[in-house]
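The lines below spell out each chain.
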Amino acid sequence: WNGLDLEPCESIPMSDRGFRYGMSVFESMRVIDGRVDFLPEHLASITEAAGRKQFEFARESLERVGPLLRRISGSAFSRIYITAGDGPPQAPATNCRVALICERRERVLPDAYSVVFQQGTYRNELENLKTGNYWPNITALSGAVNLGANEALLLNSHDRLVGCAMANVFLKIRGRWCTPRPEDGARRGVVREWAKAAIEAHSQSISRKEIDAASELFLTSSWIGVMPVTSLEGRSLERSAEIEDLRARLERFCADRSEEPAASTRSSP
């Protein structure tokens, strides 16, 4: 626990394959005064991701996440990791570890983002999972920041949009909201799913030409919520009332929502 008044938990040994090879899946969560945004969805999502990689872990570990995070006062950022545990890289992941990492972090965000394209091709789709192998994403983000932008748009080897380095992306193309499809590498995200339903966006394959034709663009993640984009490769983009309304709706939804236990974590694969 970084800067939080909580008892430290057992650390993960360096022999764990999550550390050695990046063999882990994770979910990121925003915590504000003990309120964990989208907690049931995050727990269900990481359980589903672990099932896809055939990670066997103690399901009761996830039941401790909510009570622990609800003890936090102020603003914090948290991640749940499920790692492959010890063993050689090719061995079945039958003794996985569950880790909860939390740090004090004030939510100070710009009013809007500027984005640029990553230089080169993004080659870390990994079944559109959020995994411990995040170096390509960090490299893309660093490149964007060095150019004075806030985020990088990622294209796969077929020149189709994946998303951003640390966020999902929505574009309005020819008057219609769309978002990259999982088959092109788009990562699952609980805020992405909420926004997709709220504005009835469609998942589709999105080319560079279509990105250049977009009239509006916004990003989503558990930390930034809904973030308008006002500059794409130096081109000014419209910042409509629709995006601002969606941003406000998400904040109200999170503030007003009462949390319920994520029962689905026991029955998911």
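Use the structure listed above.
A brief look at the structure comes next. Quick caveat, the model's predicted, so the values are computed rather than measured. (Residues numbered from 1 in each chain as written. Predicted model: local features only at pLDDT ≥ 70, side-chain atom pairs only at ≥ 80, totals over all residues. Heavy atoms only, no water.)

Turning next to the side chain of Asn156. Mapping Asn156 onto the fold places it in the loop between β6 (151-155) and β7 (161-164). Asn156 gets classed as buried once you look at its relative accessible area, which sits at 3%. At 2.8 Å, the side chain of Asn156 forms a polar contact with the backbone nitrogen of His158. Here Asp184 takes part through its backbone oxygen, which lies 3.1 Å from a polar atom of the side chain of Asn156. (Helix = DSSP H or I, 4+ residues; strand = E, 2+ residues; numbered from the N terminus. Buried < 20%, exposed > 50% of the residue type's maximum accessible area, 1.4 Å probe, protein only. Polar contact = N/O pair within 3.5 Å; in protein donor to acceptor, adjacent residues only side chain to side chain.)

This brings us to the pairing of strand β11 (residues 216-221). With six of six residues buried, β11 is to be regarded as a mostly interior element. Alternating positions in β11 separate into two faces, Glu216, Phe218 and Thr220 on one and Leu217, Leu219 and Ser221 on the other, with burial throughout. Pairing analysis gives five bridges linking strand β8 (residues 168-173) to β11, with the strands arranged antiparallel. Opposite Lys172, over in β11, you have Glu216 as the bridge partner. The pairing of β11 with strand β12 (residues 225-232) spans four bridges and is classified as antiparallel. Its bridge partner being in β12, Leu219 is matched across the sheet by Met227. (Pairing = 2+ DSSP bridges.)

Once that is clear, we can look at the sheet that holds strand β4 (residues 97-104). Pairing within the open sheet is antiparallel, and its four strands lie in the order β2-β1-β3-β4. The strands lining the two open edges of the sheet, one partner per strand, are β2 (35-36) and β4. Here strand β1 (residues 24-32) runs beside strand β3 (residues 75-83); their pairing, made up of nine bridges, is antiparallel. Of the residues in β3, the one forming a bridge with Ile32 is Ser75. The strands touched by helix α2 (residues 39-52) within the sheet are β1, β2 and β3, with β1 carrying the most contacts at an inclination of about 175°. (Contact = heavy atoms within 4.5 Å. Axes fitted to C-alpha atoms, helices over the stretch in contact; angles between N-to-C directions.)

Let us now look at the nonpolar core. Met29, Phe55, Val65, Leu69, Ile80, Ile82 and Leu100 are the most contacted members of the largest nonpolar core, which has 25 residues in total. Residue assignment for this core shows that the elements contributing at least two residues are β1, α2, α3 (65-69), β3 and β4. Excluding residues that lie within four positions of it along the chain, Leu69 makes contacts with Met29, Val31, Gly34, Val36, Ser78, Leu100 and Cys102. The next biggest cluster of nonpolar side chains, apart from the first, holds 24 residues, and it includes Phe77, Ala214, Leu217 and Trp223. (Core = buried A, V, L, I, M, F, W, Y, C linked by side-chain atoms within 4.5 Å.)

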